[in-house]
Amino acid sequence: MSDKILITGISGFVGQNLYKFLNNNGKGDILSLSRNAGDGKEVLTYEGFFADSTVSASHYIHLAGKAHDLKKTSDDQAYFDVNFGLTKKLYDRFLADPEAKNFVFISSVKACADTVEGWLTEETKCDPVTPYGKSKLQAEEYILKNLPADKQVYILRPCMIHGPGNKGNLNLLFAFAKKGLPFPLAAFDNQRSFLSVDNLCWVILQLLNKDIPSGVYQVADEGTFSTNQLIRLMAASLNKRAKLWAIPASLISACARVGDKLHLPLTSERLKKLTESYKVDNSKIVKSIGEPLPMSAENGLKKTFDSFKAIK
């Protein structure tokens, strides 16, 4: 059979980028699983795929999942139904597929820890506190308890992924910089890891092409950035001067608590997302691949910020 690649979640941000990347690198025989058939690619519904045991693939890439809901409107069980239930069902199918060679599961650093002291490594004891993190960890544990001897299985834990077309906290921060408003959180001293979607796609391709041991791998760009550094990079991409205000952290935290009660834009959770440190060690995946990630962290961020400029 051909070297077919099965991908779930292909309509999402990572999925769209991965589809283009694999096609551009000679991996064009792609089968997508989706809740709804159609969209121009070779697509099967989940129901159709699980009902037809004759459909096989060499590589399974599982991107689909229920994302973390910052508004906290989701039912907790929904996370486990998708992030664990769907993963288990797909993984069982992979184990039974005689043509399958490897399985790539996109988990998250939040499957291990919601907050980090120092650096997060693959050896860090996992203790997630949110339904999102707990459901991802449950899926990881099921996979690790059922590792096949004749196939390769990779659990990837990416940190915050960004790139053209991404929607998230970086967009909100960039919109702030684009208006030329002073950034009032400069008093907070933090360091965060980020991951360019280009580097994530490259890592996945290496896993398909190289003989790399099964296991859990964190994925992050090299180096870390403070929020103040991000604001400076954003301002530079806009040819503007960064405006940083170091308002006392205690005052900002008090304002965020007021925001919690009055449902204002600045809440304690959003403040934490913007100012907390979250440093992710990527040395295991880099060493296993045998070469550094192709895009530097700064160039990846610049590419993302340049794409934001076109958004009205």
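Residues numbered from 1 in each chain as written. Predicted model: local features only at pLDDT ≥ 70, side-chain atom pairs only at ≥ 80, totals over all residues. Heavy atoms only, no water.

S.K.: So what's going on with the overall build of the protein? Which residues, and what values?
M.R.: On a plain count of helices and strands, the protein comes out with 11 helices and 11 strands. In terms of C-alpha radius of gyration, the protein reaches 20 Å, essentially the compact-globule figure of 20 Å for 312 residues. Every one of the 312 residues in the protein was classed for burial, and the buried ones make up 48%. Here the contacts in the protein between residues at least 6 apart in sequence split such that 79% fall between residues at least 24 apart. Roughly 15,000 Å² of accessible area belongs to the protein as shown, and the carbon and sulfur atoms make up 53% of that amount. For the protein, the distance from the average site of its 40 positive side-chain charges to the average site of its 33 negative ones is 9 Å. (Helix = DSSP H or I, 4+ residues; strand = E, 2+ residues; numbered from the N terminus. Rg over C-alpha atoms; globule rule 2.2 N^0.38 Å. Buried < 20%, exposed > 50% of the residue type's maximum accessible area, 1.4 Å probe, protein only. Contact = heavy atoms within 4.5 Å. Areas by Shrake-Rupley, 256 points an atom, 1.4 Å probe, with all protein chains shown as cover. Lys, Arg positive; Asp, Glu negative; His and termini not counted. Charge placed at Lys NZ, Arg CZ, Asp CG, Glu CD.)

S.K.: An account of the pairing of strand β1 (residues 5-8) is needed here, citing residue identities and associated values.
M.R.: Burial along β1 is two-sided: the face carrying Ile5 and Ile7 and the face carrying Leu6 and Thr8 are both buried. Pairing of β1 with strand β2 (residues 30-34) involves 4 bridges; the strand directions are parallel. Of the residues in β2, the one forming a bridge with isoleucine 7 is serine 32. Remark: the β1/helix α1 (residues 13-24)/β2 crossover connection has right-handed handedness. Alignment of β1 against strand β4 (residues 59-62), held across 4 bridges, turns out to be parallel. Within the sheet, the bridge partner assigned to leucine 6 lies in β4 and is tyrosine 60. (Pairing = 2+ DSSP bridges. Right-handed = clockwise from strand over helix to strand, strands pointing away.)

S.K.: Can you lay out the sheet that holds strand β10 (residues 215-219) for me, pointing to particular residues and giving the numbers?
M.R.: Strand order in the open sheet made by the 7 strands is β3-β2-β1-β4-β5-β7-β10, with parallel pairing throughout. Of all the strands in the sheet, the pair left with one neighbour each is β3 (43-45) and β10. Within the sheet, the average angular offset between the axes of one strand and its neighbour, ignoring direction, is 20 degrees. (Axes fitted to C-alpha atoms, helices over the stretch in contact; angles between N-to-C directions.)

S.K.: Describe in detail the nonpolar core, supporting the description with residues and values.
M.R.: In this structure, Ile7, Leu22, Ile61, Leu156 and Val203 are the most contacted members of the largest nonpolar core, which totals 41 residues. With 9 residues, helix α6 (residues 197-209) is the largest single contributor of residues to this core. Each residue touching isoleucine 61, except ones within four places of it in the same chain, is listed here: Ile5, Leu6, Ile7, Thr8, Leu18, Leu22, Val104, Ile204 and Leu208. Grouped together as the second largest cluster of nonpolar side chains are 23 residues, Leu33, Ala100, Phe105 and Val216 included. (Core = buried A, V, L, I, M, F, W, Y, C linked by side-chain atoms within 4.5 Å.)

S.K.: Describe the packing of aromatic side chains, naming the residues involved and giving the relevant values.
M.R.: Across all of its chains, the model carries 13 aromatic pairs by this definition. With centroids separated by 6.5 Å and ring planes inclined at 75 degrees, the aromatic side chains of tyrosine 79 and tyrosine 132 adopt a geometry described as edge-to-face. With a gap of 53 residues between them, tyrosine 79 in helix α3 (residues 76-96) and tyrosine 132 in helix α4 (residues 131-145) connect regions that are remote in the sequence. Take tyrosine 79 and tyrosine 132: they sit in the same class, and that class is buried. Judged by centre distance (5.2 Å) and plane angle (55 degrees), the rings of phenylalanine 94 and phenylalanine 103 are tilted. Side by side, phenylalanine 94 and phenylalanine 103 carry an identical accessibility label, which is buried. Through successive ring pairs, a cluster of aromatic residues spans Tyr60, Phe84, Tyr91, Phe94, Phe103 and Tyr142. The ring of tyrosine 79 is capped by lysine 66, whose NZ or CZ atom sits 5.3 Å from the centre of that ring. (Phe/Tyr/Trp six-rings, centres within 6.5 Å; stacked < 30°, edge-to-face > 60°. Lys NZ or Arg CZ within 6 Å of the ring centre and 35° of its normal.)

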